[in-house]
Structures are given as C-alpha cells and as structure tokens.
Amino acid sequence: MIVTFPHMGTLSIVLKALFTQLGCQVLVPPPITKHTMELGTRVSPETVCLPFKLTLGNFIEALEQGADTLVTCGGDGPCRLGYYGVIQKRILEQLGYQFRMITVEPNLIESYRQLKFVAPHTSWHQLYKAFQLAGAKMNLLDDISCEANRLRAGESVRGSVNLLWEQAVREIDLAESCLALKGLREDLLQKLQAVRVVQPLNPLRVAIVGEIYVMLEPFVNQNLERRLGDMGVEVSKTLLLSDYVKGHLLRRQSYLELYKKLSTIAAPYLGHYVGGHGLKSIAYTILKKQQGFDGIIQVYPFTCMPEVVAKNILPKVSQDIDMPVLTLAYDEQTGEAGVMTRLEAFIDLLKYRQTKLRQTIKIDSELSILH
C-alpha cells in the first residue's frame, strides 16, 4: 500500500507525518505546476472549480509514480467539495487506474475508521502519537506563517523572511518528534524576531477572506502573501489549516463559539449557512474593520457557489462600513499580469486613504489645540 494525497499549502507535510507515523509508505505528489493543472483540467468537467482540477492532477501524477491508495476529504452542505471524491474516483477509473480511494469525512469517528483501514494494526496509543506529531507540525507551520506575514512588510532586506520560511518548512518536515519540534519552534521564532525591520513601521494591513484552498495554496493564488509583503503590506489570513482541522474535524468548543460569533456578525447581510466559507467572508470583513485593518481581499475559485454569494453581498458591506474590498477569482486562465495590475491599484487606493486619514487626524489635532 502506497498512500498519497493532494497538495494544499503545507497540508502534505502534515499528512506525510501522520501516515508515516502510522507505518504507511507515503508518496507525496510532485509540487503543483502548470503540468498538474493541465492534467486535471483535461479530464475534468469544464465548469468544475479549480481545486477539483488541481487535486485530480495531483492524483494522476502520484498514480503514475506508483501510488495505489488515494486519501481525500469529504464535506457536507451546499458545496461541491462533498462530491469531489466520488467524481474523481469515477474519472480515474475510466482512465484505467487501479487504486483505492479513502474519503475522510469531517467527523472524528469516521476518520478513525478510515485510518484503521490504512493502518489496521495500529493501536490507540500509536494513533494518538501520530496525530500528536502531525498536529504539532501543523500548528508550528501556521504560527511561523503568520509571523512571516507580519514581518515581511517591514523587512529591510527583501527576501530575508522568505528564506527563513523556506528553511522552516524543510526543518519542520524533517522533524521526527514533538520534542524536536519544541526546540525548533524556539529557534525559528528567534530567527524571525532577529529580522531587521524598517523603523518606524506602520504598514497597511490587509486581511484575506474567501475559500480555503485558494487562500492556502500559493500556486493557485500566485504567491499572494509574498506579493503583498513585498509591497509593504502586512497580511492576515482569516483561515488556516489548523482552523479547519480544529473546527470541522475536532469540533473544538472554542471554534464552535467563534462560528456563532461570526454568524451573529454576518446576520444583517447573510442570515444562514451557504456552504464553504461564504458566511465567514462576510463576517471577517466586518470584524477586520473593527480591528483596524485597511482593506480586504476576497479570493476564491471561479464558479465557487458559496463565495459567489459572498461576492454579491460584499459591495453592500463595503459601502456600509467603509472598507475597501478587492475580489480575485481564480481559474486555469488567470494571468499573473492581470492580478498584479489589480493588486497594485488596490494598494495604491489603500495608501491614498491612509494618507488622507493621517491628514484629517493631524488637522483635527491642530484645531483642538487652538480651541
């Protein structure tokens, strides 16, 4: 049995750790390239969303290299993610591939049953240790990513944070124990804190909302976080891999309470669940305004129904709370030049607004002194 799974940001590092600890032979698909996209697009329904095409391309490349067990996620609600596994399985069978597909639904008990098939002789203790190591890697990767997005905007030597991030990914991938990760966390955070930043630092702050696959996969969003950082923008992703796992799989109470809070915030504009992360896109736009952010970028795959719903509501939200919103929809035809042009125009707008706000504050301060 040779296990494989799709890419989505740092997901492959986490799943590699999990299945390796369970005693499985793991084959990580090649990094996503245009060839991956072409493979998946060629055999996919024309109007299906981009994550379907890319994950299917991941599976084809892995099967060609010898994988025989495909692990994918399921889903519920009004989102096509729940159909990915079924349709991709049928397409791959029609192409003549021999394999077993395991669909892990967002349910802890069902996930355990599926994992027991992959590793039938694994004890509860072994399973716990495997999840512990994979979870520790996931949390550390997310923490380093957030810190990198905060620092990249003000680094005095462009590219220094990117180099540290790439080093972190390599070292976290190679770590074999939670103890090793604990020491690695301290080392990596110290190195990030030592990055020279431009002083005084008062960068634009932009939050990214939208669909999780596009938000987390750099190939799809064309390295959006790095591009914004290079433009002097501090970036906050409103969805992380750890958020998805703790909220949808583990059903942590803190995340259930957060969702209730977000539902209440979004209620004046969207009063019910529409699948995916559509409701969160509305809620986080409002919440980030309250937290003093300068702008919102919504990212999603073209034809994604939940985010299309959010997209059509966001102009009203933007107008009501005075929060600029840029929407970027991605498919296999999306060009880098067009995205960069829109990003540059959006950031110029935010800089103009920031300058006008500072001038207004300065004038108000001078008037108050005179009075």
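Okay, so let's go over this structure. Every value quoted in this text rests on a predicted model; they were computed, and no experiment measured them. (Residues numbered from 1 in each chain as written. Predicted model: local features only at pLDDT ≥ 70, side-chain atom pairs only at ≥ 80, totals over all residues. Heavy atoms only, no water.)

### Considering the sheet that holds strand E1 (residues 2–4)
Ordered by their spatial adjacency, four strands build an open sheet running E2-E1-E3-E4, and the pairing between neighbours is parallel. Each edge of the open sheet carries a strand with a single partner, namely strand E2 (25–26) and strand E4 (100–104). Of the pairings in the sheet, the one linking E1 to strand E3 (residues 69–73) comprises two bridges and is parallel in character. Paired with valine 3 across the bridge in E3 is threonine 69. Running at roughly 165 degrees to E3, helix H3 (residues 50–64) makes contact with E1, E3 and E4 of the sheet. (Pairing = 2+ DSSP bridges. Helix = DSSP H or I, 4+ residues; strand = E, 2+ residues; numbered from the N terminus. Contact = heavy atoms within 4.5 Å. Axes fitted to C-alpha atoms, helices over the stretch in contact; angles between N-to-C directions.)

### With respect to the pattern of salt bridges
As enumerated under the stated definition, the model contains 13 salt bridges in all. A salt bridge links arginine 158 to glutamate 155, with the nearest nitrogen and oxygen atoms 3.5 Å apart. By relative accessible area, arginine 158 is classed as partly exposed at 42%. (Salt bridge = Lys/Arg side-chain N within 4 Å of Asp/Glu carboxyl O. Buried < 20%, exposed > 50% of the residue type's maximum accessible area, 1.4 Å probe, protein only.)

### As for the side chain of serine 242
In this structure, serine 242 sits in helix H12 (residues 241–249). Setting aside its immediate chain neighbours within four residues, serine 242 contacts Met138, Asn139, Asp142 and Tyr255.

### Re the pairing of strand E5 (residues 204–210)
When you tally the buried positions in E5, you get six out of seven residues, the bulk of the element. Strand direction decides the pairing type here: E5 and strand E6 (residues 233–237), joined by five bridges, are parallel. Residue pairing across strands places arginine 205 opposite glutamate 234, the latter belonging to E6. The pairing of E5 with strand E7 (residues 295–301) spans five bridges and is parallel.

### Let's talk about the sheet that holds E6
Strand order in the open sheet made by the four strands is E6-E5-E7-E8, with parallel pairing throughout. Taken across any chain shown, the strands that pair with only one partner, and hence form the sheet edges, are E6 and strand E8 (325–330). Mean inter-strand twist for the sheet, computed between neighbouring axes without regard to direction, equals 25 degrees. Pairing of E7 with E8 involves six bridges; the strand directions are parallel. Of the residues in E8, the one forming a bridge with glutamine 298 is threonine 327.

### Focus: the packing of aromatic side chains
Scanning the entire structure with this criterion turns up two aromatic pairs. Seen in terms of ring centroids, phenylalanine 5 and phenylalanine 19 are 6.1 Å apart; in terms of plane orientation they differ by 15 degrees. Their pairing is stacked. Here the residue phenylalanine 5 occupies a position in the loop between E1 and helix H1 (11–21), and phenylalanine 19 occupies one in helix H1, the gap between them amounting to 14 residues. Accessibility assignment for this pair places phenylalanine 5 and phenylalanine 19 in one class, buried. Aromatic pair phenylalanine 52 and tyrosine 84: ring centres 5.2 Å apart, planes at 90 degrees, arrangement edge-to-face. With phenylalanine 52 in helix H3 and tyrosine 84 in helix H4 (residues 81–94), this pair connects stretches of sequence that are 32 residues apart. The same class applies to phenylalanine 52 and to tyrosine 84, which are both buried. It is arginine 205 that lies over the ring of phenylalanine 293; its NZ or CZ is 4.0 Å from the centre. (Phe/Tyr/Trp six-rings, centres within 6.5 Å; stacked < 30°, edge-to-face > 60°. Lys NZ or Arg CZ within 6 Å of the ring centre and 35° of its normal.)

All quantities given are derived from atomic positions and should not be read as evidence of function.
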